[in-house]
Amino acid sequence: MAESGVSEDREPEYRYNAALAQKIENKWQKKWDDEGTFWAANVKGDLKDGKGRNADGRAPYFVIDMFPYPSGKGLHVGHPLGYIATDVVSRYHRMKGENVMHALGYDAFGLPAEQYAVQTGQHPRITTEQNIANMHRQLHRLGLSFDDRRSFATTDMNYVRWTQWIFSRIYDSWYDPEYVRADGGKGSARPVSELIGKFRSGAKQIPGFEGRAWDSLTEEEQSDVLNGFRLAYISKSPVNWCPGLGTVLANEEVTAEGRSERGNYPVFQRELRQWSMRITAYGHRLIEDLDMIDWPEKVRLMQRNWIGESHGASVHFAVPTAAGERDMEIYTTRPDTLFGTTFAVVSPEHPLLADVPDAWEEGIPDAWKGGYATPKEAVHAYRLQAESKTAKDRVAEEGDKTGVFTGLYAVNPITGARLPIFAADYVLMDYGTGAIMAVPGGDDRDYDFAVKFGLPVIYTLQPTPESGETLADYEGKSAYTSHEGTIINSRVESTEVGGDTLDLNGLTVDEGKDRTIAWLESRGVGKGTVSYRLRDWLFSRQRYWGEPFPIVYDENEVPHLVPDSMLPINLPDVPDYQPRTFDPMDAESNPEAPLSRNPEWVNVTLDLGDGPKKYHRDTNTMPNWAGSCWYYMRYIDPKNAENAVDPEEFQYWLGPNHNATAGESGGVDLYVGGVEHAVLHLLYARFWHKVLYDLGFVSSPEPFHKLFNQGYIQAYAYTDSRGQYVPAAEVEEHKDGTFWYDGQQVNREFGKMGKSLKNIITPDYMYDTYGADTFRVYEMSMGPLDESRPWNTRNVVGAQRLLARLWRNVVDENTGEVTVTDDELDEKTAKLLNNTIAEVTVEMENMRPNTTIAKLTVLNNHLTSLAAVPRKAVEPLVLMLSPIAPHICEELWTRLGHEESLAHAPWPVADQRFVGVDTVTAVVQVKGKVRGKLEVTPDISEDELRDKALALPKIQELLGGNEPRKVIVKAPKIVSIVP
RNA sequence: GCCCCAGUGGCGAAAUAGGUAGCCGCAGCGGACUUAAAAUCCGCCUCCGGAAGGAUUACGAGUUCGAGUCUCGUCUGGGGCACCA
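All chains use their own residue numbering, which begins from 1 and follows the written sequence. Chains and ligands are labelled sequentially in the order written, the chains with letters from A and the ligands with numbers from 1. The predicted nature of this model means local features are confined to residues of pLDDT at least 70 and side-chain atom pairs, given and counted, to a pLDDT of 80 or more, with totals for whole chains, interfaces and linings taken over all residues. Side-chain numbers come from the whole structure's heavy atoms, not from hydrogens or water.

## Thoughts on the overall build of chain A
Right, on to step 1. Within chain A one finds 29 helices and 35 strands.
Right, on to step 2. Along the first, second and third principal axes, the C-alpha atoms of chain A reach 105 × 90 × 65 Å.
Right, on to step 3. Here chain A holds 979 residues, and the buried ones make up 54% of them.
Right, on to step 4. The contacts in chain A between residues at least 6 apart in sequence include a share of 69% that link residues at least 24 apart.
Right, on to step 5. Put simply, chain A shows about 43,000 Å² of open surface, and 49% of that area lies on carbon and sulfur atoms.
Right, on to step 6. Taken together, the 103 basic and 143 acidic charged side chains of chain A have centroids lying 3 Å from each other. Secondary structure elements follow DSSP: runs of H or I of four or more residues count as helices, runs of E of two or more count as strands, with numbering from the N terminus. Accessibility here uses a 1.4 Å probe with only protein chains present; expressed as a share of the type maximum, an area under 20% marks a residue as buried, one over 50% as exposed, and anything in between as partly exposed. Residues are treated as being in contact if the distance between any of their heavy atoms lies within 4.5 Å. We get accessible surface area from the Shrake-Rupley algorithm with a probe of 1.4 Å; when it comes to residues, only the shown protein chains can shield them. The charge count includes Lys and Arg as positive and Asp and Glu as negative, but it does not include His or the ends of the chains. Taken as the charge centre is NZ of Lys, CZ of Arg, CG of Asp or CD of Glu, depending on the residue.

## A few points about helix α5 (residues 157-171)
Right, on to step 1. By this rule the span expected of a helix is its residue count minus one, scaled by 1.5 Å. When the terminal C-alpha atoms of α5 are compared, their 20 Å separation across 15 residues agrees well with the 21 Å that a helix rising 1.5 Å per residue should span.
Right, on to step 2. With twelve of its 15 residues buried, α5 lies for the most part within the structure.
Right, on to step 3. What α5 keeps buried is the set Y159, V160, W162, T163, Q164, W165, I166, F167, S168, R169, I170 and Y171.

## Brief notes about the packing of helix α24 (residues 827-845) against helix α25 (residues 849-865)
Right, on to step 1. Here the axes come from fitting lines to C-alpha atoms, over the contacting stretch only for helices, and the angles between their N-to-C directions go from 0 to 180 degrees. Put simply, α24 and α25 touch, their axes get as near as 9 Å, and they point 165° apart. Classified by the angle their axes make, α24 and α25 are roughly antiparallel. Viewed along their axes, α24 and α25 form a crossing whose handedness is left-handed. Residues K828, T829, L832, L833, T836, E839, V840, E843 and M844 of α24 lie in contact with α25, whose contacting residues are T851, T852, K855, L856, V858, L859, H862 and L863.
Right, on to step 2. Across the contact of α24 with α25, the residue classes break down as eight nonpolar, five polar and four charged. Comment on the angle field: the value is read as roughly parallel under 35 degrees, roughly antiparallel over 145, roughly perpendicular from 65 to 115, and oblique elsewhere. Crossing handedness: left-handed means the near helix sits turned counterclockwise from the far one by under a right angle, and right-handed means the same turn made clockwise. When residues are grouped by polarity, Ala, Val, Leu, Ile, Met, Phe, Trp, Tyr, Cys and Pro land in nonpolar, Asp, Glu, Lys and Arg in charged, and all others, Gly among them, in polar.

## Structural notes on helix α9 (residues 297-307)
Right, on to step 1. Residues V299, R300, Q303 and I307 constitute the buried set of α9. For α9, the angular spread of the buried residues around the axis is 100°, confining them to a single face. Exposed and facing more than 90 degrees away from the buried side of α9 are K298 and N305.
Right, on to step 2. Against α8 (283-288), β8 (309-321), β18 (526-532), α20 (681-694) and β25 (707-709) lie the buried residues of α9.
Right, on to step 3. Two residues or fewer after α9 comes G308, characterised by a positive phi angle close to 55°. In this description, one arc is meant: the one made by directions from the helix axis to the C-beta atoms.

## Details of the protein's contact with RNA strand B
Right, on to step 1. Near residues are defined by distance, with any heavy atom within 4 Å of the molecule or strand qualifying the residue. Taken together, 57 residues sit near RNA strand B, with T333, R445, R533, R801 and S976 positioned nearest.
Right, on to step 2. For RNA strand B, the fraction of atoms within 4 Å of the protein that belong to sugar or phosphate moieties is 68%.
Right, on to step 3. One nitrogen or oxygen atom from the main chain of L428 is found 2.9 Å from a base nitrogen belonging to RNA strand B.
Right, on to step 4. At seven residues, α25 tops the list of elements feeding residues into the surface near RNA strand B.
Right, on to step 5. Partitioning the surface near RNA strand B into residue classes produces 19 nonpolar, 16 polar and 22 charged. Polar contact is the term for a pair of N or O atoms within 3.5 Å; when the atoms are in protein, one must be able to donate a hydrogen and the other to accept it, and sequence-neighboring residues count only if both atoms are side-chain atoms.

## Things to note about the sheet that holds strand β5 (residues 232-242)
Right, on to step 1. Here four strands make up an open sheet; going across it, the order is β6-β5-β7-β19 and the pairing antiparallel. With partners counted over all chains shown, the strands left at the sheet margins are β6 (247-249) and β19 (537-538), one partner each.
Right, on to step 2. Across the sheet, α5 lies against β5 and β7 (268-277), angled at about 95° from β7, the strand it touches most. A pair of strands is labelled paired if DSSP reports no fewer than 2 bridges between them.

## Some points on the side chain of D147
Right, on to step 1. Note on placement: D147 falls in the loop between α4 (124-140) and α5.
Right, on to step 2. Judged by relative accessible area, which is 0%, D147 ranks as buried.
Right, on to step 3. Reaching out from D147, the side chain makes a polar contact with the side chain of R149 at a distance of 2.8 Å.

## A short note on the nonpolar core
Right, on to step 1. Among buried residues, the Ala, Val, Leu, Ile, Met, Phe, Trp, Tyr and Cys ones that are joined through side-chain atoms within 4.5 Å form a nonpolar core. Of all hydrophobic cores here, the largest spans 180 residues; its most connected members are F167, W537, F539, Y631, W688 and W791.
Right, on to step 2. Considering each element in turn, this core owes the most residues, nine residues, to α20.
Right, on to step 3. The contact partners of W688, leaving out residues within four places of it in the chain, are T163, I166, I170, M277, W537, F539, A626, C629 and W630.
Right, on to step 4. Grouped together as the second largest cluster of nonpolar side chains are 60 residues, I330, V356, L461 and L507 included.

## Overview of the pattern of salt bridges
Right, on to step 1. Criterion for a salt bridge: a side-chain nitrogen of Lys or Arg within 4 Å of a carboxyl oxygen of Asp or Glu. The full count for this structure, using the stated rule, is 49 salt bridges.
Right, on to step 2. Close ionic contact of R418 with E361 constitutes a salt bridge, the shortest N to O distance being 3.1 Å. Of this pair, R418 sits in strand β12 (residues 418-423) while E361 is found in the loop between β10 (343-346) and α10 (366-369), placing the two residues 57 residues apart along the sequence.
Right, on to step 3. We note a salt bridge from E839 to K855, for which the minimum N-O separation is 3.4 Å. Residue E839 is found in helix α24, and its partner K855 is found in helix α25; the two are separated by 16 residues along the sequence.
Right, on to step 4. Relative accessible area serves as the criterion here: at 37%, E839 is assigned to the partly exposed category.
Right, on to step 5. Residue class for K855 comes out partly exposed when judged on its relative accessible area of 25%.
Right, on to step 6. One network of salt bridges, in which partners are shared, links D289, R686, K690 and E702.

## Some words on the sheet that holds strand β35 (residues 974-978)
Right, on to step 1. Read across the sheet, four strands follow the order β33-β32-β35-β34 without closing on themselves; strand pairing throughout is mixed. Every other strand in the sheet has two partners, leaving β33 (929-936) and β34 (966-970) as the edge strands with one partner each. Across the sheet, the mean angle from the axis of one strand to that of its neighbour is 15°, orientation sign disregarded.
Right, on to step 2. In this sheet, β35 lies alongside strand β32 (residues 920-926) in parallel orientation, the contact comprising four bridges. Note that in β35 the partner of V924 across the bridge is V975.
Right, on to step 3. Along the sheet, helix α28 (residues 942-951) contacts β32, β33, β34 and β35; its crossing angle with β34, the most-contacted strand, is approximately 125°.

Nothing here speaks to function; it is all geometry.
In structure tokens, the structure reads:
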């Protein structure tokens, strides 16, 4: 490099190499920081100052990334892909004159920080701060145009305070399904005080205390009743207990194999008292409102499937027991098959099993008894067996049906038939009602079970004649699970059970469903219902490094909300913040919250409005997702001490229709992140947002209007003959396509970048070797943003050549002088320039930086070929490339004589006089094959083009003197001839 | 098992209201400049063929004057869900 060398072969002083790039980049990063170039302007308050550009009259544009978790490992080149993409978009929108909100915070609570802290022996807050500082350094060096005044971490006590405040609002709310919202929709979160009002006035029955006056209930009773309605509630219910991690987990954090997503430990179903959020209350709205947001169809589909709304009916079956008649409610999506049900199945945890008889009836087959002397023993043993299974075991045994007869019978409410009730673990307690009517003729699982236990099979649907199938194809072999067909065997006379005749024969499935539901409802034995696959969100964790709950318990264990004025509740210093973990297979272990280890913090005397009393704090912490549920709105005003978010600012930045594209949903204009959060963060955040919307704290129904999933940067890794990874950077490719390391041939694999794969490239390496701009151009040119692509350092030189060539087009490498001319553009250059402006604008609007770069490269290469580079062409080129390579473009812009940063310079507009082409190549096809080409004007008439095409000697020859049968002309591009 | 997405040169990839397949870049080849190399600049670069020509967007059919693009089937890869009644 210039300053280091004295040798004769040193490079020209002003050559655009890594050293010069670094100098330019550092200069501009400092300047941007000093001048507040990227400050976004609020409507009012401390952040109103946008450095001469205020919010008035400027459209807001809110673009963010899924904020990072600052791990101690540092970044590799795959991490910043999304950040570069949003930065390009941000810079483009600034040049369009918009008020761009672009900031980055840190999602800093969570397991890795805690584990890293355990390893290093430092408090998680210290390691977290170090990690944030390091990540900030690495990202800052990329020249990302963030408004740094708006950055924060979820661990900042000023943020924790508001996370706790939002929890308090959710805790203090219930879901009123009848409430008509201001937007016209039905159902809304409402303050619990309204619910109490309804109980007091008698407008609503008190569940469990029907007929009692609210004020006659004890405090404990009132607390229990309200707990059954609160959107954040404590309950003892089956949860995912992970001994290996020492904490409980949400369903979304457990893999299909029944293991923890983090750490891959076994997960057990345990009845534990834990916090949940009533996200199921929002199931329907979370599906319905997917229609108003601009998200990838794939993600919307994943959310729909995850929520899993199904429409069916709940049906009551009477169950006679020794202690009297019990009611068994089942859920079915196929009420039309009620005539085909031949037995019933309840889950092993079902409450009905408390009433199983003491002895087997005469004539019960041995296979039903499971080898036990009485139903009680059989059911008890089966239940224990089911509980001891991990979720993984259950999955592994799928298809292999187990179960035991309960000795109980249910009465089919339509036919009066007596159906044996079995307990089996293929029926889940937490879906539907935990009980099913089994229809072996129409359901594969029920069929398997019927075969195993020798139960009858009735088919109630006959395949349509058009299908070419008959029931004979199924009888004795399998269930007929299709919905296509005609209902049979489904008629009951009124005399059998009284009331109306029900006759479904001859109907379709949908008709049969409707008629059955109407019949059930008219007789009060069932009704149409909606069921969800989605479960309530398990919200507590036994962790140190998370937000404490703003909840204390009195001496009677009645929970009380800590008043807002006492927030935030800080984390205590505990002697040992390590989570208590257990043998991963020890299902009997119990969670132990680290916060419980500091009695001085746990036991407090507080005045909650009725004088000082003793309380103890909740010792759980919130899951990592809590902080990420609302961070986007905090960028608006991260230091606001009055509100989580100011309503007026929210309306300006994120309200419905806040700009031309925001739509009714409002929310973040562009949200870029990985698809792995499709049903975790993105579902939880929508849920919180909707609660805040219902309660009037935010004005948009959705948090993120447009979502974009960036692809991943993948990398090659190489293994030697023993399967060991070898350093990828030292592998050489031979001409025959083989790969060699240290004299040995090695195998190439393709996948992630990772330390263990020895193929990590760090951003720092890229800054040192090429500069940040080259790195940015390379990442943006690799391919479409939403697709994954392999990293190949060898290809980076192409990006570097583009920038170096642009530099040379403006600056003399030896003297540093600007060499552009002020001459008018020649015709060819003018046309290319203006066509490029028109095309690149479209590419930028559609987030296609790869094709943007290709088109700008063509323009740049053209300028290179000219004797002198005209200012009037290179200036727009510099402007257009600046969102992608901002530093070099700022430097060139300055050298071209501009005093202001180009960050807010207007995006070039194409001169329409030069847009379009003089001539186009028309193609002449015969039988679909290209047989000739014609240079024609774009406005050529169809007749003229047809005549010219037919006059071509080649075409004449192919026609052999015959008249063509048909000629299709699409002027000016194509003539297609059928001989 | 069910649902969704993808498959284009040696490589990363362009091009879809159906209209010249392969923009741009990497690698490679040739040339200019240089004592030489690097850098730079110019040219070639899907495959077969000397050429004429032919073939070609995973594979096989179909619709069409015309298919990378639409339809059906198959294969391969990736993702989601998975005893959800």
